[in-house]
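So the chains spell out like this:
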Amino acid sequence: LPEVADVEIFVCGIQRRSLVSVDKDFSWMKDPRQLIFESLHEMAKRVDDHHYFINIEDDILLPRETFRNVLEFDRETLINECLHPNRIEVFNGKKLPNDPVRRRRIWTCQEKCWQGKLLRVAANPHSGILMLSREKLRYCLQNIDLNFRGRVIGGEMESAFAHFHKPFSLYRPYKNLDFHVVIHQDRHHPHWTMFGRAKTLLRRGGIKDMLQCWVSDNLV
């Protein structure tokens, strides 16, 4: 990353309903769950102002190395391909996959090798973040309905990111959780024991998911 960069950061939220001061006030919204949709819509208005755009949930930590990976990936790949981070949690010093357990990520057949690492596209596009270059944001806006406010996956927040990611193949590292991640700082699962996770997955009929989680944990 360059040592000097022109960066604008906007905290989007609802005045008097936020733990920090808000730069973009969306208190006019009837449904606050639409905040991600509206913040992405606001970001789209500034497509000519910057080279890269990041929209991120307030409980997500974006490592510097992850953004660097995106810059390098974009230099070598197609306009409709993104290097999308896996969302993980850290518990007792161990990196654990967040989404395969919560939403039963199923991997599609799309894959490629990049920098010696196997990348695959997951059916679940959610990682709590959107990172697009100016060119990719323009491509996105040409291929989505900006007025859409419906559900795609999960709730409104996940659906907003999924809608803006719809034109892209979102490649993620398939096996290595040390490479290209964002860190979910809240806790979805306070008891990350293999036994507890196995019980949850078995109850849902998720044998395949349980094995994938075991593989991910043991490859870290």
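Summarised in this report is the structure supplied together with it. (Residues numbered from 1 in each chain as written. Predicted model: local features only at pLDDT ≥ 70, side-chain atom pairs only at ≥ 80, totals over all residues. Heavy atoms only, no water.)

1. Some points on the pairing of strand S6 (residues 86-91)
Thinking step 1. Examined bridge by bridge, S6 and strand S12 (residues 181-184) share 3 bridges and lie parallel to one another. Paired with Asn86 across the two strands is Val181, which belongs to S12.
Thinking step 2. Relative to strand S7 (residues 94-97), S6 runs antiparallel, the two being bridged by 4 bridges. Across the sheet, Val90 pairs through a bridge with Lys95, a residue of S7.
Thinking step 3. The antiparallel hairpin formed by S6 and S7 contains 2 residues in its connecting segment, where Asn92 sits at a positive phi of about 55°. (Pairing = 2+ DSSP bridges. Helix = DSSP H or I, 4+ residues; strand = E, 2+ residues; numbered from the N terminus.)

2. Quick notes on the packing of aromatic side chains
The way to describe two aromatic rings as a pair is by their centre distance and the angle between their planes.
Thinking step 1. In the structure shown here, the tally under the stated rule is 7 aromatic pairs.
Thinking step 2. Here Phe26 and Trp28 contribute two aromatic rings whose centre-to-centre distance is 6.1 Å and whose plane-to-plane angle is 45°, an arrangement assigned as tilted.
Thinking step 3. According to the relative accessible area criterion, Phe26 is buried, its value standing at 4%.
Thinking step 4. Using a relative accessible area of 56% as the deciding quantity, one classes Trp28 as exposed.
Thinking step 5. With a centroid separation of 4.9 Å and 90° between ring planes, the pair formed by Trp107 and Tyr174 is classed as edge-to-face. Placement of Trp107 in strand S8 (residues 107-114) and of Tyr174 in the loop between strand S11 (169-173) and S12 is noted, with a sequence separation of 67 residues between them. Tyr174 carries the same exposure label as Trp107, and that label is buried.
Thinking step 6. Ring pairs connect the aromatic residues Phe73, Trp114 and Phe179, which therefore count as one cluster.
Thinking step 7. A cation sits over an aromatic face here: Lys24 above Phe10, 5.2 Å from the ring centre.
Thinking step 8. If you follow Lys166 out to its NZ or CZ, it ends over the ring of Phe148, 5.6 Å from the centre. (Phe/Tyr/Trp six-rings, centres within 6.5 Å; stacked < 30°, edge-to-face > 60°. Buried < 20%, exposed > 50% of the residue type's maximum accessible area, 1.4 Å probe, protein only. Lys NZ or Arg CZ within 6 Å of the ring centre and 35° of its normal.)

3. A closer look at the sheet that holds S6
The strands making up a sheet associate through backbone hydrogen bonding, with each pair oriented either parallel or antiparallel.
Thinking step 1. Spatially, the 4 strands line up as an open sheet ordered S4-S12-S6-S7, and their pairing is mixed. Each edge of the open sheet carries a strand with a single partner, namely strand S4 (60-61) and S7.
Thinking step 2. Strand direction decides the pairing type here: S4 and S12, joined by 2 bridges, are antiparallel. Looking at the pairing, Leu61 lines up with Ile183 of S12.

4. Here we look at the sheet that holds strand S9 (residues 117-122)
Thinking step 1. The strand order across the open sheet formed by 4 strands is S5-S11-S9-S8, and the pairing between neighbours is mixed. Every interior strand has two partners, whereas the edge strands, strand S5 (81-83) and S8, have only one. Within the sheet, the average angular offset between the axes of one strand and its neighbour, ignoring direction, is 35°.
Thinking step 2. The pairing of S9 with S11 spans 3 bridges and is classified as antiparallel. Paired with Leu119 across the bridge in S11 is Pro173. (Axes fitted to C-alpha atoms, helices over the stretch in contact; angles between N-to-C directions.)

5. Some remarks on the nonpolar core
Thinking step 1. Counting 17 residues, the largest nonpolar core has Leu40, Leu130 and Leu132 as its most contacted members.
Thinking step 2. Of all elements in the fold, only helix H1 (35-44), strand S10 (129-133), helix H4 (134-142) and helix H5 (156-165) reach the threshold of two or more residues within this core.
Thinking step 3. Those residues in contact with Leu40 that lie beyond four places of it in its chain are Asn55, Leu130, Ala160, Phe161 and Phe164. (Core = buried A, V, L, I, M, F, W, Y, C linked by side-chain atoms within 4.5 Å. Contact = heavy atoms within 4.5 Å.)

6. A closer look at unusual backbone geometry
Thinking step 1. Of note, the phi angle at Arg16 is positive, near 65°, even though the residue is not glycine.
Thinking step 2. Examined against the element boundaries, Arg16 turns out to sit in the loop between strand S1 (12-13) and strand S2 (24-25).
Thinking step 3. Even without being glycine, His180 reaches a positive phi, approximately 60°.
Thinking step 4. Taking relative accessible area as the criterion, His180 reaches 2% and is therefore assigned buried.

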